[in-house]
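This is what each chain is made of:
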Amino acid sequence: MPTLLADSPIATPAVTPSEGVRVRPVPRVIGADVPVPVRDGGQVPYANFDYAASAPCLEAVHEAVTRALPYYSSVHRGAGYASQVTTRAYEEARETVRSFLGAWRRSAVVFTRNTTDAMNLLARAVPAGTSVVVFETEHHASLLPWKRAVRLAAPATPAEAISAAERALRGCPVGSRLLVVTAASNVTGELWPIEELARVAHRNGARIAVDAAQLVPHRPLDMAALGLDYVAFSGHKLYAPFGAGVLAGRADWLRAAEPYLKGGGASASVGTATRWAPSAEQRHEAGSPNVLGVIALAAACETLSASWEALAAREEALVARLRSGLAALPSVRELSLWGPRAPRVGIVSFVVDGWDARDVALTLSDEHGIGVRDGKFCAHPFVRHLLGGEDGCSAPGSAVRASLGIGTTEEHVDRLLTALAGLSER
C-alpha cells in the first residue's frame, strides 16, 4: 500500500541520554513558579507537594502535544494523511512505553485511562477461579478490583512480606494464581521487594502484577530484568496529565478474555455472532482512543529516560532534607511501615500532634502557598494501620502527605519545615 509517510512530522526530537544530561539534566514542568494568593493578601510562588496525586505537565510533553494537534485524526482505520500520521504516532508511542518499562517484545501494551482502569482491566481478564493474593497496604486501585482475593496484613519487614506471600500462594487452591503488589507505596514512599516477590510468585506457579504508579515517576523500571508479569501506571502521575494509563505484560490472559469495553475496534467481525480481535491491544482498546494522552505519555517516558541519574540524585537530596527536618520537629511523626532507613521515593506522610490533618493542609495552603495532601490517600486500611488501628478499621483521623517531584526546590522544603514548626508553636 502506498504511503506518504517517511519521517513523522510530529515525532519527538531525538535526544540521547548523554545530550539530555548535558543540556537539560533535569526537565522542566509547567507551572513550577506559578504565584498563588496567601491569607495576608500577598502572593508567593506555589510550593507543590502533591506530586503523588497528580504531577504537573512537563514542558516536553506540552511541546509534543502541540506538535500533534494540527495532525490529530482517527487512528488505525483512516486512509487520509492526518490519520496516517496520527496512527503512526500512536503505535510508536506503544513501542516507547514498551522500551520505558523494559517489557518483553511479545508483551501486550494496552492503553487505559489510568492505573485504576488498568488494574480493573486485568481483574476482568484473569481466568475464572484465579486466586489473587494482595496486601492490605495497597492503594484501592490494586486492593478492590478482585473477585476472589486473599488479603495479607501489613508486613513488619520486607522479609516478612516475602514469607507471607510465599505462605499465601502455597495455600491457594489448584488453578491460576496472581500476586498483586505495589512497587512504591503511595503513603510512605517505601520501595517493595518486587524482584524477590516475583521469584516467590513464579516458584509457586503464580504471576505477579505490580502497581508502578508511584515508582516510574521517580526511578526506572525493567520488567524483564525483574521478572514482572504485569505492570500498571498512570500518565497523570508521570508528568503527562492528559488521561492515559498503561497495562503492560503477558498477552495470553488478555487475548483470551472478552473485551473490557465492547465496541468498534475490539471486534474482528460482527454478524449473527461476534469474533473479537485477536491482539490484546486491539481487543481492549475499543472506541476512539485517547490519542493525545498516549502521545503525551510517550513524550514523558522519553524525557524521563534521558535524565534518570540527575533526577534520582536531586530527589534523594531533597527527601533527606525534608525527612531530617521533620525528625527535628518534636510534634511531627513520620509514618513508616519498615522504619526510617527503608529505601523510598519522594513521598513522606506524617501527623502533627494536636492538629487535624485537614487543618494542617488548609493552613499550609492559606498562609504559606504550600500544597499537600490530607486524608487516607485511597489506602484506607494501610493508613489506619499506620495510625494505630489494631483491627485496621478503628483508628480515627488521617494524615498529611508531602510528595516531591521535578519542580520541588530546597526553598519549598525549607518553607514547609518552617511552616510546620510554626504550627507546633501555636
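1. Quick word on the environment of Tyr90
1) Next: Within the fold, Tyr90 resides in helix 3 (residues 81-101).
2) Next: On the accessibility criterion, Tyr90 (1% relative accessible area) is buried.
3) Next: Sequence separation between Tyr90 and Ser279 is 189 residues, and the spatial gap between their C-alpha atoms is 16 Å.

2. A few points about the layout of surface pockets
1) Next: Space inside the second largest pocket adds up to approximately 340 Å³.
2) Next: Around the second largest pocket sit 23 residues that line it, and His139, Asn186, Gln214, Lys237 and Cys378 are the ones nearest its centre.

3. Side note on the packing of aromatic side chains
1) Next: Summed over the entire model, instances satisfying the criterion amount to 8 aromatic pairs.
2) Next: Taking 5.4 Å as the distance between ring centres and 65° as the angle between the ring planes, the aromatic pair formed by Tyr90 and Phe111 counts as edge-to-face. Taken together, the residues span a long stretch of sequence, with Tyr90 in helix 3 and Phe111 in strand 4 (residues 108-112) at a distance of 21 residues.

4. A few points about the sheet that holds strand 8 (residues 207-211)
1) Next: On the basis of which strands lie adjacent, the open sheet formed by 7 strands has the order 4-10-9-8-7-5-6 and mixed pairing. The outermost strands of the open sheet, each flanked by one partner alone, are strand 4 and strand 6 (149-152). On average, adjacent strands in this sheet sit at an angle of 20° to one another, irrespective of strand direction.
2) Next: One ladder, built from 3 bridges, connects strand 8 with strand 9 (residues 230-234); its direction is parallel. Paired with Asp211 across the strands is Ala232, a residue of strand 9.
3) Next: Against the sheet, helix 3 contacts strand 4, strand 9 and strand 10 (245-249), and its axis sits at roughly 115° relative to strand 4.
4) Next: Strands in contact with helix 4 (residues 115-125) are strand 4, strand 7 (177-182), strand 8, strand 9 and strand 10; relative to strand 9, the strand with the most contacts, it is inclined by about 150°.

5. Things to note about the sheet that holds strand 14 (residues 347-352)
1) Next: In spatial order, the strands read 13-14-17-16; together these 4 strands make up an open sheet with antiparallel pairing. In the strand order of this sheet, the two ends are held by strand 13 (332-334) and strand 16 (373-375), each with one partner. Going from strand to strand, the sheet's axes swing by 30° on average, the running direction of each strand aside.
2) Next: With 3 bridges joining them, strand 13 and strand 14 adopt antiparallel strand pairing. The residue of strand 14 that forms the bridge with Glu334 is Phe350.
3) Next: Against the sheet, helix 12 (residues 308-327) touches strand 13, strand 14 and strand 17 (399-403), its axis set at about 15° to strand 14.

6. Considerations on unusual backbone geometry
1) Next: A positive phi angle is found at Tyr239, which is not glycine, with a value near 70°.
2) Next: By the element assignment, Tyr239 lies in the loop between strand 9 and strand 10.
3) Next: In this structure, Phe377 is a non-glycine residue whose phi angle is positive, near 55°.
4) Next: Among the secondary structure elements, Phe377 is positioned in the loop between strand 16 and helix 14 (380-386).
5) Next: Phe377 gets classed as buried once you look at its relative accessible area, which sits at 9%.

7. Section: the pattern of salt bridges
1) Next: Counted according to the given criterion, the structure contains 27 salt bridges.
2) Next: Here Arg207 and Asp252 are joined by a salt bridge, their closest N and O atoms 2.6 Å apart. Here Asp252 lies in helix 9 (residues 252-256) and Arg207 lies in strand 8, a separation of 45 residues in the sequence.
3) Next: Classification of Arg207 as buried rests on a relative accessible area of 9%.
4) Next: For the salt bridge of Arg250 with Asp229, the shortest nitrogen-to-oxygen distance reads 3.3 Å. Within this pair, whereas Arg250 is found in the loop between strand 10 and helix 9, its partner Asp229 is found in the loop between helix 8 (223-226) and strand 9, the two being separated by 21 residues in sequence.

8. Details of helix 3
1) Next: For helix 3, with 21 residues, the first-to-last C-alpha span of 31 Å sits near the 30 Å given by 1.5 Å per residue.
2) Next: Residue Gly102 follows helix 3 closely and has a positive phi angle near 60°.

9. Concerning the nonpolar core
1) Next: Leu101 and Phe233 are the most contacted members of the largest nonpolar core, which totals 88 residues.
2) Next: It is helix 11 (residues 291-305) that contributes the most residues to this core, 11 residues altogether.
3) Next: Apart from residues no more than four positions distant in its own chain, Leu101 is found in contact with Val216, Leu221, Asp222, Met223, Val231, Phe233, Val246 and Ala248.
4) Next: If you look at the next biggest cluster of nonpolar residues, it comprises 26 residues, including Leu318, Val319, Val360 and Ala402.

10. Here we look at the packing of helix 3 against helix 11
1) Next: Following both chains from N to C, one finds helix 3 and helix 11 inclined at 40°, their axes separated by 9 Å at the closest point. In terms of their interaxial angle, helix 3 and helix 11 are classed as oblique. Once helix 3 is placed against helix 11, the crossing between them reads as left-handed. Contact residues: Thr86, Ala89, Tyr90, Ala93, Thr96, Val97 and Phe100 in helix 3; Val291, Val294, Ile295, Leu297, Ala298, Cys301, Glu302 and Ser305 in helix 11.
2) Next: In the contact of helix 3 with helix 11, the residues fall into 11 nonpolar, 3 polar and 1 charged.

Criteria and thresholds
Residues numbered from 1 in each chain as written. Predicted model: local features only at pLDDT ≥ 70, side-chain atom pairs only at ≥ 80, totals over all residues. Heavy atoms only, no water. Helix = DSSP H or I, 4+ residues; strand = E, 2+ residues; numbered from the N terminus. Buried < 20%, exposed > 50% of the residue type's maximum accessible area, 1.4 Å probe, protein only. 1 Å grid on protein atoms, 1.4 Å probe; cavity = no way out; pocket = protein on both sides within 12 Å on 5 of 7 lines; lining within 4 Å. Points joined across faces, edges and corners; volume = space filled by probe spheres on them. Phe/Tyr/Trp six-rings, centres within 6.5 Å; stacked < 30°, edge-to-face > 60°. Pairing = 2+ DSSP bridges. Axes fitted to C-alpha atoms, helices over the stretch in contact; angles between N-to-C directions. Contact = heavy atoms within 4.5 Å. Salt bridge = Lys/Arg side-chain N within 4 Å of Asp/Glu carboxyl O. Expected span 1.5 Å × (residues − 1). Core = buried A, V, L, I, M, F, W, Y, C linked by side-chain atoms within 4.5 Å. Parallel < 35°, antiparallel > 145°, perpendicular 65-115°, else oblique. Left-handed = near helix turned anticlockwise from the far one by under 90°. Nonpolar A, V, L, I, M, F, W, Y, C, P; charged D, E, K, R; others polar.

In short, the description is geometric, and any link to function would need to be established separately.
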